[in-house]
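Report on the structure
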Amino acid sequence: MAPSHVLKCCQKVLAWVPVAFIALVVAWSYYAYVVELCVFTISSTVEKVVYLVVFHLSFVMFVWSYGKTIFTSPATPSNEFSLTKLDKEQYEKETRPEIQQEILRRAAKDLPIYTTTASRAIRYCDRCQLIKPDRCHHCSACDVCVLKMDHHCPWVNNCVGFSNYKFFLLFLMYSLLYCLFVAATVLQYFIKFWTLCRRKAAENCPKNELPDTHAKFHVLFLFFVAAMFFISILSLFSYHCWLVGKNRSTIETFRAPTFRNGPDKNGFSLGCSKNLREVFGDEKKYWLLPIFTSLGDGCTFPTRLVIMDPEQLAVSSQNEPAKSSVTTRPLSESQNRLLSGDCQWVETGPEEENVKSGAKKHIIVSLES
C-alpha cells in the first residue's frame, strides 16, 4: 500500500509540471515585454502607453481564463444516476452479463439516457458505480466520470468538460490574441536587433541603431516564443471552433455516440447558432468573459434523433408526400432552452409509449436551426 500511495503522490506532483512550465513562460514574457521592451527599448512615450494598456488587457483576460480552466472542478453525474443499494448488490453478485444488463436497464428506465454502447448495452462505469449520462465518460487521470467530457488536458492538469469547456475555449482565444499582439508589436524591434547583431558581426554597425544591451536577447526570444505558440494554438483553437459548430466533443469525433437507431456523430447538433448558444449561453454580453453561462445541466442534452416505428414512418411518407422538410423530435426537448419557442408539435398517434409491448407512437416536429 505504501509504495502505491507514494507513486500516486508523485504522479500528482508531476502532473503540475506542464502548468508550472506555462506559468514560467508567461511570467518571463511579462517581464520581457513590460521591462525589457517597453521600459528599456521603446523611446516614444505614446507608444509605450498604448502597448502597455493593450498588453495588460490581453494578459489579464488570458490569465483569468487560464486560471478558471485549471481550477474549475469537472462536473460529475448527480446521485440519480447511481444504483440503489439493492441494485448494486445484485449487480455485483451476478456474473452473467445479460442479467447484469437487465439490472441496469431496470435502473435506467426512468433516466434521461438515449445513448448506449456500440453493443447496445447500458453505459455503466464499474469504477464510479453509476450509469453514465449521455456524453459522460470516465477520466482515468482524474478518476471520475466527467459530464460532456472532451479530453484531459495536461497543460491545465484538468479534465475539459461541461463545467469548464467555455473557459477552455476562451483560454485558447485569449492566448492566441496575447501571442499575436506580442509578436506583432515586437516584430519591428526584432528586425532592428537582428540587423544590429548581423552588422556588429560584420563590424559595420552604424551609431544610430538601437543600443547593444541585454534587452536584445529578451526581444529576440520573445518574438520566437510568441510566434511558435501562436502557430500551435491557432490549429487547436480552429479545431475546437469546428467542434462547437458541430456540437461534438473530441471523444465523439473519434467515436460517434450510439443512439437507439445507430451511431450518429451529428446526433446532438441543433444547428450552428444553437450549438454556439449551448456552450456560451443566451446572454451575448457574457460570451467573452470566463464566467459559467453554458445551458443545461450537463446530464441531458437536446437531440434531433428519436425512435420511429418503420411501418408508421412508411405510412406517413405515403400520406404526406408534400412534407419533405420534416425533422425528428428531440428526445429531451424540455431539458434545454435552446428548443423553447422553436418547436411545433403534431401528435398523430396514441399518447402512451411502451417499446416492450409494441405500442406505437409517431411524433413529428419542425425545428428551426
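These numbers were taken from a predicted model, which means no experiment stands behind them.

1. A word on the sheet that holds strand S1 (residues 115-116)
- The strand order across the open sheet built from three strands is S1-S8-S9, with neighbouring strands paired in antiparallel fashion. A single partner strand is all that each edge strand has here, and the edge strands are S1 and strand S9 (262-263).

2. Looking at the UniProt feature "transmembrane region" (unreviewed entry) in the protein
- Residues given the UniProt feature "transmembrane region" (unreviewed entry) here are residues 20-42, 49-67, 167-191 and 217-239.
- Counting secondary structure, residues 20-42 comes out at 87% helix and 0% strand; the distance between its end C-alpha atoms is 30 Å.
- With 100% helix and 0% strand, residues 167-191 has end C-alpha atoms that lie 35 Å from one another.

3. Observations regarding helix H5 (residues 97-108)
- Relative to the 16 Å expected for twelve residues at 1.5 Å per residue, H5 spans 16 Å between its end C-alpha atoms, a close match to the ideal helical length.
- Turning to H5, its buried residues are Gln100, Gln101, Ile103, Leu104 and Ala108. Take H5 and look down its axis: the buried residues cluster within an arc of 155°, on one side only.
- Buried residues belonging to H5 abut helix H4 (85-93), strand S2 (124-125) and strand S3 (130-131).

4. Quick word on the nonpolar core
- One finds Tyr33, Phe55, Tyr165, Val182 and Val186 to be the most contacted residues of the largest nonpolar core, which totals 48 residues.
- Elements that contribute at least two residues to this core include exactly helix H2 (17-39), helix H3 (45-71), helix H6 (165-201), helix H7 (215-246) and helix H9 (272-280).
- The element that contributes the greatest number of residues to this core is H6, accounting for 17 residues.
- Contact partners of Val182, with chain neighbours within four places excluded, come to Tyr33, Phe55, Leu222 and Ala226.

Definitions and limits used
Residues numbered from 1 in each chain as written. Predicted model: local features only at pLDDT ≥ 70, side-chain atom pairs only at ≥ 80, totals over all residues. Heavy atoms only, no water. Pairing = 2+ DSSP bridges. Helix = DSSP H or I, 4+ residues; strand = E, 2+ residues; numbered from the N terminus. UniProt positions renumbered as here; feature names shortened; annotations may be inferred. Expected span 1.5 Å × (residues − 1). Buried < 20%, exposed > 50% of the residue type's maximum accessible area, 1.4 Å probe, protein only. Arc of directions from axis to C-beta. Contact = heavy atoms within 4.5 Å. Core = buried A, V, L, I, M, F, W, Y, C linked by side-chain atoms within 4.5 Å.

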